[in-house]
Amino acid sequence: DTVVIQGETIGEGIQKNKYNIKGHDLYVFNLIINGKRVDSVKAREIVNEYNLKFVPILDEDFILLDNVDDMITYADGKSQICDTLREGVVIRNYDKNISFKCISNKFLLKHNI
């Protein structure tokens, strides 16, 4: 089997450590086995078995909101990683292999991005 793990490293010395953690940590956001991406819920289960962290899943049955303004408001919120604003949310549709990231305006303003 060929296994590919994609993730993001956060922590000291990385993008100004916006999550204010000591050391470094890896959060997996994709698991690909034999060329096929595993859905996020199953991927979280698999990587957790190997003591790896998966990015927080906010809603397993999310329904796209009516407009962009509502999506941006949804992106604003508290991080599940630590006590700070979250960067935003990633929305995925595995049936159509579509994903996009919605960035939090509050996060952008706080970090002067």
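Everything below is about the structure printed above this text.
Note that the structure is predicted; figures quoted are calculated from it, not measured.

(A) Structural context of the overall build of the protein chain. Helix and strand content of the protein chain: 3 helices and 6 strands. Scanning the protein chain from its N terminus toward the C terminus, one meets helices and strands in the order β-β-β-α-β-α-β-β-α. Based on the C-alpha atoms only, the size of the protein chain along its principal axes is roughly 45 × 40 × 20 Å. Within the span of the protein chain, comprising 113 residues, buried residues form 26% of the whole.

(B) View of helix α1 (residues 40–49). Along α1, the residues that are buried comprise S40, A43 and V47. With its buried residues spanning 55 degrees around the axis, α1 presents them on a single face. Two or three places before V41, at the start of α1, stands the capping residue D39, its side-chain oxygen 3.1 Å from that residue's backbone nitrogen. One or two positions beyond α1, positive phi appears at N51, with a value near 60 degrees.

(C) Seen up close, the pairing of strand β2 (residues 24–33). As paired strands, strand β1 (residues 3–11) and β2 are joined by 9 bridges and run antiparallel to one another. Looking across to β2, one finds that V4 is bridged to I32. Summarising the sheet, β2 and strand β3 (residues 36–37) pair through 2 bridges and their orientation is antiparallel. Across the sheet, the residue bridging to I32 is R37, located in β3. Joining the antiparallel neighbours β2 and β3 is a turn of 2 residues, in which N34 adopts a positive phi near 50 degrees.

(D) Broad picture of the side chain of T84. Relative to the elements of secondary structure, T84 occurs in the loop between α2 (68–75) and β5 (88–93). When near neighbours in sequence (up to four residues on either side) are disregarded, T84 contacts K18, Y19, G77, K78, S79 and K110.

(E) Broad picture of the environment of V41. The topology assignment puts V41 in helix α1. Sequence-wise, V41 and N51 are 10 residues apart; in three dimensions their C-alpha atoms are separated by 15 Å. Setting aside anything within four residues of it in sequence, one finds V41 in contact with I57 and E60.

(F) Here's a closer look at the environment of V89. Here V89 shows up in strand β5. Owing to a relative accessible area of 6%, V89 belongs among the buried residues under this scheme. Those residues in contact with V89, other than ones at most four positions away along the chain, are L58, Y74, A75, F100, K101 and C102.

Reading the values: the criteria
- Residues numbered from 1 in each chain as written.
- Predicted model: local features only at pLDDT ≥ 70, side-chain atom pairs only at ≥ 80, totals over all residues.
- Heavy atoms only, no water.
- Helix = DSSP H or I, 4+ residues; strand = E, 2+ residues; numbered from the N terminus.
- Buried < 20%, exposed > 50% of the residue type's maximum accessible area, 1.4 Å probe, protein only.
- Arc of directions from axis to C-beta.
- Polar contact = N/O pair within 3.5 Å; in protein donor to acceptor, adjacent residues only side chain to side chain.
- Pairing = 2+ DSSP bridges.
- Contact = heavy atoms within 4.5 Å.

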